[in-house]
Amino acid sequence: MSTVTCIAPVNIAVIKYWGKRDESLILPTNDSISATLDTDQLHAKTTVMISPDFKEDCIWLNGREEDIKNIRLQNCLKEIRKRSQLSDYINDWKIHICSKNNFPTAAGLASSAAGYACLTAALAKLYKIEGDISIIARSGSGSACRSVMGGFVRWQMGSDKYGTDSLAKQIVPTSYWPEMRILILVVNDEQKKVPSAIGMRRSIETSELLKYRIKHVVPERANKMQQAIIEKDFKSFAELTMKDSNQFHAVCLDTYPPCIYTNDISNSIMNLVHSYNDAVNDVKIAYTYDAGPNATLYLLEKDVPAVIGVLDYFFPPPQNVAIEYRRGLSVEGIEPSQVLVEKLKFQKHSPGQLKYMIYTKVGDGPKYLNNPQDHLLDGQGNPINCS
């Protein structure tokens, strides 16, 4: 019997992936670029176990048994078993998988990316697979290929019809831009109404703007973004990030029927970011939204206290003290001056419009946990600590 437990990070794209040129192989229509977030604050955790005693493959996700016949999951398992270095008879043993996230699932916070990167990394160790695993992770969830590496990562769309060159490459490691920070503002942690896979398919079929974006915008924009990261040019990085987020959501609106992922509070956060950048006469904050209403803000460490102070002023925390509102790295906000408040010309919201915020930084790829107490499965392969 063999057991492996792993944690893997979320990644938040600054150049978005939206649309597949091949559904079954999960091949994207354009390159994408993301930052890998620190696993100390956000991660998926997965335990995998194989045994001759197991009667069938099983998976539990966040405390519930799920369908092991899920196509993406089967794609991942098939790729792993194909490359396995285990002997044939062990390779045929059944597998139990238990996974949980320490953040909301399917709420536009890249949960499937973390989940499939974690599953792939754990399985790769279990089946003694070495070398690049981003292609295997991609077979489960496209953006998962970016979560198998730390730092800033580019997923190259590739041109081979079988997807052999559609893989992730690290642009720079975690330590390269140490001042970069991330603030996640959770507006709504419920599951989104239109899952990303369905939204993408709908956009590919109906959005003329997506066709234009794929051909005329992303190739040049992705190269400019890579250059901004290498040069640590925050202003260019921020402007490209916001423009790409805006265009992605414009594509979702151009889709028929439209996929509307943001809400009034999301839009209000965007307006505050632009008002703040204008008021300080510099680009200090960038927002980006995946397929959900929750804002991810990129900013530099030195600006975090002032920005948190502004957020606390205009979006006061919930009055329910039972909820841990500020999570992640510790930081104290600086209350904005009256001069700045007047300059911002922004309406103060009622308390609790933001459920909570997570303060984090750029981090590393998957990590293995060797302490048996960290396992999510017991000695018989049944879930423990899995909810």
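A few points on the structure. Owing to the predicted nature of the structure, the values given are computational and were not obtained by experimental measurement.

Basis of the calculations
- Residues numbered from 1 in each chain as written.
- Predicted model: local features only at pLDDT ≥ 70, side-chain atom pairs only at ≥ 80, totals over all residues.
- Heavy atoms only, no water.
- Buried < 20%, exposed > 50% of the residue type's maximum accessible area, 1.4 Å probe, protein only.
- Helix = DSSP H or I, 4+ residues; strand = E, 2+ residues; numbered from the N terminus.
- Pairing = 2+ DSSP bridges.
- Axes fitted to C-alpha atoms, helices over the stretch in contact; angles between N-to-C directions.
- Parallel < 35°, antiparallel > 145°, perpendicular 65-115°, else oblique.
- Left-handed = near helix turned anticlockwise from the far one by under 90°.
- Contact = heavy atoms within 4.5 Å.
- Expected span 1.5 Å × (residues − 1).
- Bend = angle between axes of the 7 residues up to and from the residue.
- Polar contact = N/O pair within 3.5 Å; in protein donor to acceptor, adjacent residues only side chain to side chain.

### With respect to the pairing of strand 10 (residues 152-155)
Burial along strand 10 is two-sided: the residues Phe152 and Arg154 and Val153 and Trp155 are all buried. Here four bridges tie strand 5 (residues 32-36) to strand 10, and the two strands are oriented antiparallel to one another. Across the sheet, residue Ser32 finds its bridge partner in strand 10, namely Trp155. Where strand 10 lies against strand 11 (residues 168-172), four bridges are found, and the strand directions are antiparallel. Its bridge partner being in strand 11, Phe152 is matched across the sheet by Val172.

### Details of the pairing of strand 7 (residues 58-61)
As paired elements, strand 7 and strand 9 (residues 94-101) share four bridges and run parallel to each other. Paired with Cys58 across the strands is His96, a residue of strand 9. Here strand 7 folds back onto strand 8 (residues 64-66), and the loop between the two strands holds two residues, one of which, Asn62, carries a positive phi near 50°.

### Overview of the packing of helix 1 (residues 71-83) against helix 3 (residues 111-126)
Two packed helices can be described by the angle between their axes and the distance between those axes. Interaxial distance between helix 1 and helix 3 falls to 10 Å at its minimum, and their mutual angle equals 25°. Considering the angle they form, helix 1 stands roughly parallel to helix 3. Where helix 1 crosses over helix 3, the two elements pack in a sense that is right-handed. Every residue of helix 3 that contacts helix 1 at Arg72, Leu73, Cys76, Leu77 and Ile80 is listed here: Tyr116, Leu119, Thr120, Leu123 and Ala124.

### Focus on helix 6 (residues 208-230)
In a regular helix each residue adds 1.5 Å, so 23 residues correspond to 33 Å; helix 6 covers 32 Å between its end C-alpha atoms and thus fits that length. Its maximal kink placed at Val217, helix 6 deviates by approximately 50°, while the proline Pro219 follows within four residues. Check the buried side of helix 6 and you find it contacts strand 2 (11-15), strand 5, strand 10, strand 11, helix 5 (196-206) and helix 7 (234-254). N-capping of helix 6 is provided by Ser207, with a side-chain oxygen placed 3.4 Å from the backbone N of Leu209. Looking at the residues trailing helix 6, positive phi occurs at Lys232, about 50°.

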